[in-house]
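Next come the chains, spelled out residue by residue.
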Amino acid sequence: MTAEHDHNTTPPANKRLLALAVVLLLLPIVAILWVSSYARSGPELGGVPFFFWYQFLWVFLCAGATWSAYKIVLKARPHRPMTEGPAPKVTDGGSDR
């Protein structure tokens, strides 16, 4: 008897890892929308007020959080295993004229 894969279902996702990805994506949003936490001029960094360099810092932090969330989602949602044999026929639903 050969082992056959069910190609109509996908493996279950790791919900804890997906929740972590959501938190990573929400952190930059909350940090930037909470204006009262950074609406001040001090401390300055190289003569640049805190208000500006704090927002600029979040550009890089947001990129890192997005990349991390992407990698976590890839790990949390495994794809179906490939099988040997002919590839399934894909139709575009249109007529061939």
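Criteria and cut-off values
Residues numbered from 1 in each chain as written. Predicted model: local features only at pLDDT ≥ 70, side-chain atom pairs only at ≥ 80, totals over all residues. Heavy atoms only, no water. Helix = DSSP H or I, 4+ residues; strand = E, 2+ residues; numbered from the N terminus. Buried < 20%, exposed > 50% of the residue type's maximum accessible area, 1.4 Å probe, protein only. Contact = heavy atoms within 4.5 Å. Areas by Shrake-Rupley, 256 points an atom, 1.4 Å probe, with all protein chains shown as cover. Patch = residues over 30% accessible without salt bridge, like charges linked within 9 Å, V, L, I, M, F, W, Y side chains within 5 Å. Salt bridge = Lys/Arg side-chain N within 4 Å of Asp/Glu carboxyl O. Core = buried A, V, L, I, M, F, W, Y, C linked by side-chain atoms within 4.5 Å. Expected span 1.5 Å × (residues − 1).

Description of the overall build of the chain
Part 1: A tally of helices and strands in the chain yields 2 helices and 0 strands.
Part 2: Burial status across the chain gives 12% buried among its 97 residues.
Part 3: Restricting to contacts in the chain with at least 6 residues of sequence separation, those with at least 24 account for 64%.
Part 4: Only carbon and sulfur atoms are counted for the fraction: they give 65% of the accessible area of the chain, which is about 8,500 Å².

Observations concerning a nonpolar patch on the surface
Part 1: Side chains of Val22, Leu26, Ile29, Val30 and Leu33 sit close together on the surface and give an oily, nonpolar patch of about 480 Å² of accessible area.
Part 2: Looking at the secondary structure, you find Val22 in helix H1 (residues 15-33).

Examining the nonpolar core
Part 1: Counting 5 residues, the largest nonpolar core consists of Ala31, Tyr38, Phe50, Tyr54 and Trp58.
Part 2: When residues no more than four places from it in sequence are discounted, the contact partners of Phe50 are Ser37, Tyr38, Arg40, Ser41, Gly42 and Pro43.

What about the environment of Ala76?
Part 1: If you trace the backbone, Ala76 turns up in helix H2 (residues 50-76).
Part 2: For the pair Ala76 and Pro11, spaced 65 residues apart in the sequence, the C-alpha separation amounts to 9.9 Å.
Part 3: Setting aside chain neighbours within four positions, we find Ala76 in contact with Pro12, Ala13, Asn14, Leu17 and Leu18.

Considerations on H2
Part 1: Helix length check: H2 (27 residues) gives 37 Å between terminal C-alpha atoms against 39 Å at 1.5 Å per residue, within 8%.
Part 2: Looking at H2, one finds that the buried residues are Phe50, Tyr54, Trp58, Ala65, Ala69, Ile72 and Ala76.
Part 3: Lining the buried residues of H2 we find H1.

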